[in-house]
Each structure stands twice: as structure tokens, then as C-alpha cells.
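What the coordinates show
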Amino acid sequence: GQDEVAVDFLDPIENEEKYYLSYAIILKDGGEVLATSEYVPAVSSITRITLNHALSKGEYDAILRVQPCRMDGTLTNNAEMEVSLKAEEKEEKKS
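Here the structure is a predicted model, which means the values were calculated and not measured.

A separate point is the pattern of salt bridges. Under the counting rule described, the total for this entry stands at 4 salt bridges. Notably, a salt bridge pairs glutamate 80 with arginine 65, separated by 2.7 Å at the nearest N-O pair. Of this pair, glutamate 80 sits in strand β6 (residues 79-87) while arginine 65 sits in strand β5 (residues 58-70); the two residues are 15 residues apart in sequence, bridging distant segments of the chain. Its relative accessible area of 43% is what places glutamate 80 among the partly exposed residues. Residue class for arginine 65 comes out partly exposed when judged on its relative accessible area of 30%. Here lysine 86 makes a salt bridge to glutamate 88, at a shortest N to O gap of 3.8 Å.

This next bit is on the layout of surface pockets. The space that makes up the largest pocket amounts to roughly 490 Å³. Around the largest pocket, the lining comprises 15 residues; the ones closest to its centre are Asp3, Val5, Lys86, Ala87 and Glu88. Residue assignment for the lining of the largest pocket shows that the elements contributing at least two residues are β1 (3-11) and β6. Looking at the lining of the largest pocket, the element that brings in the most residues is β1, giving 5 residues. Split into classes, the residues belonging to the lining of the largest pocket amount to 9 nonpolar, no polar and 6 charged.

Our next topic: the sheet that holds strand β2 (residues 19-27). Pairing in this open sheet of 4 strands is antiparallel, and the strands run β3-β2-β5-β6 from one edge to the other. Looking at strand neighbours, the two that pair on one side only are β3 (33-36) and β6, the edges of this open sheet. Averaged over neighbouring strand pairs, the angle between their axes works out to 25° when direction is ignored.

Our next topic: the packing of aromatic side chains. Evaluated as defined, the whole model comprises 1 aromatic pair. Ring centres of phenylalanine 9 and tyrosine 23 lie 4.6 Å apart, and the angle between their planes is 20°; this geometry places the pair in the stacked category. Of this pair, phenylalanine 9 sits in strand β1 while tyrosine 23 sits in strand β2, and the two are 14 residues apart along the sequence. Judged by relative accessible area, phenylalanine 9 falls into the buried class, the value being 11%.

Turning to the side chain of glutamine 67, a few remarks are in order. Tracing the chain through its elements places glutamine 67 in strand β5. Polar side-chain contacts of glutamine 67 include one of 2.7 Å to the backbone oxygen of threonine 76.

Grouped together as the largest cluster of nonpolar side chains are 17 residues, with contacts concentrated most on Phe9, Tyr23, Ile25, Leu34 and Ile49. Broken down by secondary-structure element, the contributors of at least two residues to this core are β1, β2, β3, β4 (44-51) and β5. With 4 residues, the single largest contributor to this core is β2. The contact partners of leucine 34, leaving out residues within four places of it in the chain, are Ile25, Ile26, Leu27, Thr50, Leu51, Asn52, His53, Leu55 and Leu85.

Thresholds applied
- Residues numbered from 1 in each chain as written.
- Predicted model: local features only at pLDDT ≥ 70, side-chain atom pairs only at ≥ 80, totals over all residues.
- Heavy atoms only, no water.
- Salt bridge = Lys/Arg side-chain N within 4 Å of Asp/Glu carboxyl O.
- Helix = DSSP H or I, 4+ residues; strand = E, 2+ residues; numbered from the N terminus.
- Buried < 20%, exposed > 50% of the residue type's maximum accessible area, 1.4 Å probe, protein only.
- 1 Å grid on protein atoms, 1.4 Å probe; cavity = no way out; pocket = protein on both sides within 12 Å on 5 of 7 lines; lining within 4 Å.
- Points joined across faces, edges and corners; volume = space filled by probe spheres on them.
- Nonpolar A, V, L, I, M, F, W, Y, C, P; charged D, E, K, R; others polar.
- Pairing = 2+ DSSP bridges.
- Axes fitted to C-alpha atoms, helices over the stretch in contact; angles between N-to-C directions.
- Phe/Tyr/Trp six-rings, centres within 6.5 Å; stacked < 30°, edge-to-face > 60°.
- Polar contact = N/O pair within 3.5 Å; in protein donor to acceptor, adjacent residues only side chain to side chain.
- Core = buried A, V, L, I, M, F, W, Y, C linked by side-chain atoms within 4.5 Å.
- Contact = heavy atoms within 4.5 Å.

What follows is the structure, given as C-alpha cells:
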């Protein structure tokens, strides 16, 4: 199934009227794209992103790719950062 996870991806004020940013989470082992965000306008952020599928419990090496897009729609050089993802078992809600 799909899993929505908490993130804190910000497009800073310095990009206002210059760039939108898109974020992708890619597993290093195999290069699978787990999630891709819509373009985020400057001075905005996204706090949740939906994975293409749930991960089994464990830690995963991944790449966070940030793709800038100019206001006219042209893409510029992207940036990639190595990150570690930690998947935990979902807690059941008690009634």
C-alpha cells in the first residue's frame, strides 16, 4: 500500500520569483524512486509526502534529489544529498 510520511522540505525565501523546487526520494540500492513531490513555491514547504509503497521495517540508504525549476519552466542543475531512511512499524490506534 501507499504510506504517507512526515518530511520538512522548504523552498527558501531566497528563491522567491526565481525558482520552484521539487523533491525526490530515491533508494541507493537499485535507484528506485520512492516518492516525488509537486513543485513547491518559494517561502513554502511540504510536511507530508506519499511513498510509492510501504517499506519493511529497517534502515535504508537513499538520495534526496532537489530539482529547481525556473519561473519560465526550464529545469536547472539539481542537487543530491545522501540520507538515511528509518522505517518503523506503524503503531495501532487503541480505542
